[in-house]
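Summary of the model geometry
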Amino acid sequence: MEKKKRNIIIAVVLIALILIGFFALIRSSEIKIMIIPESGVVEVDSGKGYVQINEETVLKGDETIRTQSNSIAVVILHESVLITLEENTEISIESLVKDNIIVKQNKGSTWNKFTRLNGVSDYNVKTPTSVAAIKGTEFGLEENQIIVASGKVSFIKNEQEIIVGDLEKAGFVNNELKKLPLTPEDKKKIIDNMKRQVNYLKFLREKELEKNKILVATLEKTIGKGYTADEFFQKVDQGEINIEEAIAKSPIPLPFESVTKVKNLSLEIQKQLQDIAKIEGY
């Protein structure tokens, strides 16, 4: 009887371990907020004064982040929203809730990419005197001016509102909020920032692949047709491989959440590269 009882306990434990391994396989942990210093002096204040950050760091969300002169940092929210802080810029996070992310841009200039990945559905940026309510995906914001790379953004300042669309710019002229001509410098700024965002989207994809070595091995052995993972994704990014079709043809089940993240990030990278090419030829 004791032996039977012991065998039952062992079986239960084994089943539990299998289930733990299964759920670890299909689930993918998510970082809510991360900061990546790119150059210069980047500082974070968690309530006890500013401290310089020299490497990628996971934050809690209640910090104030700032860059000094000739400095750039990238803040990533829910592995979905990418915010580039240009020099002499300061931001804080008012809300990290996925359906109501609010960033306070206390000063300076940011470049924002809103991907709607990982369940993020709403994103707004507030300066001391204006609000950018996001209907689009990528834009640069200063207190008195906005430049939109793609999509549409509602820009509100001094009780005036204007909808700014693809490759459009708006700002104040004689106390009136209006569309402004896009200069060659503006176009260069758009392209440079979009290329930077491609690099960070690839960074997020690499992070996801690092979480799940089984996925990488499967891609290389069964989906990649002899390609390494790097070669496979390079071809995906250039549109030479349809990643959705490749995943569908996998002979073995793949970890669902990780695959979805990697697929969506890859499609976002592919679209971003296509948009850059269009703007460069515009």
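Below or above, wherever it landed, is the structure these notes cover.

Here is what the cut-offs are and how they apply
- Residues numbered from 1 in each chain as written.
- Predicted model: local features only at pLDDT ≥ 70, side-chain atom pairs only at ≥ 80, totals over all residues.
- Heavy atoms only, no water.
- 1 Å grid on protein atoms, 1.4 Å probe; cavity = no way out; pocket = protein on both sides within 12 Å on 5 of 7 lines; lining within 4 Å.
- Points joined across faces, edges and corners; volume = space filled by probe spheres on them.
- Helix = DSSP H or I, 4+ residues; strand = E, 2+ residues; numbered from the N terminus.
- Nonpolar A, V, L, I, M, F, W, Y, C, P; charged D, E, K, R; others polar.
- Axes fitted to C-alpha atoms, helices over the stretch in contact; angles between N-to-C directions.
- Parallel < 35°, antiparallel > 145°, perpendicular 65-115°, else oblique.
- Left-handed = near helix turned anticlockwise from the far one by under 90°.
- Pairing = 2+ DSSP bridges.
- Core = buried A, V, L, I, M, F, W, Y, C linked by side-chain atoms within 4.5 Å.
- Buried < 20%, exposed > 50% of the residue type's maximum accessible area, 1.4 Å probe, protein only.
- Contact = heavy atoms within 4.5 Å.

Looking at the second largest pocket, its volume works out to about 160 Å³. Lining of the second largest pocket is provided by Lys202, Arg205, Glu206, Leu209, Glu210, Lys213, Val216, Ala229, Asp230 and Phe233. At the level of secondary structure, the elements contributing two or more residues to the lining of the second largest pocket comprise helix H2 (184-211), helix H3 (213-223) and helix H4 (229-237). Counting residues per element, the lining of the second largest pocket draws most heavily on H2, at five residues. Residues that form the lining of the second largest pocket fall into these classes: four nonpolar, no polar and six charged.

This paragraph deals with the packing of H2 against helix H6 (residues 256-280). The N-to-C vectors of H2 and H6 enclose an angle of 165°; their axes lie 9 Å apart at closest approach. Taken together, H2 and H6 sit at an angle that is classed as roughly antiparallel. Between H2 and H6 lies a crossing whose hand is left-handed.

The subject of this paragraph is the sheet that holds strand E1 (residues 33-39). Strand order in the open sheet made by the nine strands is E4-E1-E6-E7-E10-E13-E14-E17-E18, with antiparallel pairing throughout. In this open sheet, the two strands that pair with only one neighbour each are strand E4 (57-58) and strand E18 (176-180).

Bringing the nonpolar core into the picture now. Core analysis: the largest hydrophobic core is formed by 34 residues, its most contacted members being Ile35, Val75, Leu77, Tyr123, Phe139 and Ile146. Excluding residues within four positions of it along the chain, Ile35 makes contact with Val42, Val44, Ile53, Glu55, Glu56, Thr57, Leu59, Ile65, Ala73, Val74 and Val75. Formed by 20 residues, the second largest nonpolar core is a distinct cluster that contains Ile36, Leu82, Ile190 and Ile276.

It is worth spelling out the environment of Ile276 at this point. As for its position among the elements, Ile276 is in helix H6. Distance in space between the C-alpha atoms of Ile276 and Ile191 is 6.3 Å, their sequence separation being 85 residues. Setting aside residues no more than four positions away along its own chain, Ile276 makes contact with Ile191, Met194, Lys195 and Val198.

Here we come to empty space enclosed by the protein. Throughout the structure, instances matching the rule amount to one cavity of 30 Å³ or more. Size it by volume and the largest cavity reaches roughly 30 Å³. Leu215, Leu219, Phe233, Ile243, Ile247, Val259 and Val262 are the residues that line the largest cavity. Of all elements in the fold, only H3, helix H5 (243-248) and H6 reach the threshold of two or more residues within the lining of the largest cavity.

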